[in-house]
Amino acid sequence: MKKVKVGIAGLGRLGKEHAKNLAFKIANAELTAACSIVPAELEFAKNELGVTDVYTDYNEMLAKADIDAVAIVTTSSQHCWQIAAALDAGKHVFSDKPLGVTIEECKMAEAAVERHPELTFFLGFMRRFDPSYAYAMEKIKAGLIGKPYMVKATGIDPEALVQGAIKFAPTSGGIFIDMAIHDIDLMRWFLGSDPVEVYATGATFKHPEFKECGDDETGVAMYKCANGSIGFVHVGRTAPYGYHVETEVVGTEGTLRISPVPEKNLCMIYDKNGAVKECVSGFPERFADAYRLEMEYFIDCVQKGVKPEVTVYDGTKSTQIAFATTEAYKKGGILKIEY
Ligand SMILES: NC(=O)c1ccc[n+]([C@@H]2O[C@H](COP(=O)([O-])OP(=O)(O)OC[C@H]3O[C@@H](n4cnc5c(N)ncnc54)[C@H](O)[C@@H]3O)[C@@H](O)[C@H]2O)c1
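Since this is a predicted model, take the numbers as computed values, not measurements.

## Some details on the site of the ligand
Taken together, 25 residues form the shell around the ligand, and within it L11, R13, S36, E41 and Y291 come nearest. Protein coverage of the free-state accessible area of the ligand, which is 850 Å², stands at 84%. Put simply, the parts of the chain that give the shell around the ligand at least two residues each are α1 (13–25) and α4 (79–88). Broken down by element, the shell around the ligand gets its largest block of residues, 3 residues, from α1. When grouped by side-chain class, the residues that make up the shell around the ligand number 10 nonpolar, 11 polar and 4 charged.

Set out below in structure tokens:
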């Protein structure tokens, strides 16, 4: 089968990971072009990836490059217009999350996807492709835990990166928009229902800089879903031990816990500190398989003309829920979520 030729837009922290996967790890894909507004990243594309067809202008890449598809891994505020431009130029689209940073933008992306039913659109909610999360979903579908009625999700960034988070905090949209989108998506996915009520709060005990810009270093939200099930999301920026992403799904007949210890690997170290399991250091390490597998799935969908299970509407919904959570956090009390 003919390889899918992909142009990547964005070669920052995550873009580099996707680009390396497309260039070296995905048999049915070929990375033929790259675009970034940072010249040094285009040098990376040439020198490390062997991609010589590089652009600083996204529209120019769409017009000139020999590509069937684009992978959009740019700054979140750029996603929606780039999705629409690529689809209108006849390219299949992989976009990383979030879909957009406003509901209006998300609706614009929805309209573009609806204009082009002949093209594949995929949104990078990659945790669904992580082997452990995918395995948990298989077990749920097989009825192992009965009816899932509660999801408890934890997502805490390593404190080693907190200075970057402090710098970004004034423009991040707040901790729920910045950090909770994956947990919100998982909650909807596992519970099979959308939240209709939310209560949210936060706390800051280590880094007052977050409070000073109207945010918090820890955020907690509780959701009631349309089918009566419950979601509990805890996000934070100060895990001293590493990167902590953990999810518990409680059902009528049992419970599944994914990554209760955010362990780096199966090695246990016995030394003067005791018996120690090291933790993963960040998202590129924890979700390396998921990033590769979601891109493989996208390429497969393009080749087979199959519609991905994750849709543009999932992107809008999770963004709406993150905004509602932020509103509930600011106002206090329980907020009804309107879609
Ligand atoms: N799925 C995940 O787990 C995950 C993890 C990290 C980041 N992300 C998402 O990936 C995206 C990128 O995040 P990052 O941390 O790599 O950011 P980053 O700041 O490191 O990189 C951003 C990249 O976008 C490029 N860019 C910005 N505007 C552009 C434009 N108009 N045209 C072309 N290129 C442009 C920059 O040149 C840079 O290469 C964000 O939307 C972020 O939310 C997802």
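Still more ground to cover, so stick around.
## Digging into the domain arrangement of the chain
By convention, interface size is frequently given as the accessible area that disappears when the constituent parts associate. Domain annotation for the chain reports domain 1 (4–119) and domain 2 (128–283 + 318–336). Computed from C-alpha atoms alone, the centre-to-centre distance between domain 1 and domain 2 is 28 Å. Between domain 1 and domain 2, the residue contacts involve 9 residues of the former and 6 residues of the latter. In total, domain 1 and domain 2 occlude about 640 Å² of area from one another, counting both sides; carbon and sulfur atoms represent 73% of this. Three residues, R13, K97 and I103, lead the burial of domain 1 against domain 2; their summed loss comes to 59% of the area buried on that side. If you look at where domain 1 meets domain 2, you find 0 salt bridges. At the boundary of domain 1 with domain 2, the tally comes to 0 residue pairs in polar contact (both at pLDDT 80 or more). Only α1 and α5 (103–115) provide two or more residues apiece to the side of domain 1 that touches domain 2. The class makeup of the residues in the side of domain 1 that touches domain 2 is 5 nonpolar, 2 polar and 2 charged.

## Comments concerning the side chain of T247
Within the secondary structure layout, T247 lies in strand β11 (residues 244–251). Side chain to side chain, T247 and Y133 meet in a polar contact 2.6 Å long. In contact with T247, not counting residues within four places along its chain, are Y133, V151, K152, A153, L186, F190, L256, R257 and I258.

Calculation notes
- In this convention, every chain numbers its residues from 1, walking through the sequence in written order.
- For a predicted model such as this one, the threshold for reporting local features is a pLDDT of at least 70, and the threshold for listing and counting side-chain atom pairs is 80 or more; totals across whole chains, interfaces and linings nevertheless cover every residue.
- To obtain the side-chain values, all non-hydrogen atoms of the structure were included, while hydrogens and water were left out.
- We call a residue near a molecule or strand whenever a single non-hydrogen atom of that residue lies within 4 Å of it.
- In these tables, accessible area is a Shrake-Rupley quantity obtained with a 1.4 Å probe, and a residue counts as shielded only by the protein chains included in the view.
- Here a strand is any run of E in DSSP of at least two residues, a helix any run of H or I of at least four, and the numbering for each starts at the N terminus.
- Each residue is assigned to one class: nonpolar for Ala, Val, Leu, Ile, Met, Phe, Trp, Tyr, Cys and Pro, charged for Asp, Glu, Lys and Arg, and polar for all the others, Gly among them.
- Domain start and end points were adopted from an automatic or database domain assignment.
- Residue contacts follow a heavy-atom distance rule, with two residues in contact if any of their heavy atoms lie within 4.5 Å.
- When two parts are brought into contact, each loses some accessible area as probed by a 1.4 Å sphere; the total of that loss over both is the buried area.
- Salt bridge criterion: a side-chain nitrogen from Lys or Arg within 4 Å of a carboxyl oxygen from Asp or Glu.
- For this analysis, a polar contact is any N or O atom pair within 3.5 Å, provided that within protein one partner can donate a hydrogen and the other can accept it, and provided that sequence-adjacent residues contribute only side-chain to side-chain pairs.

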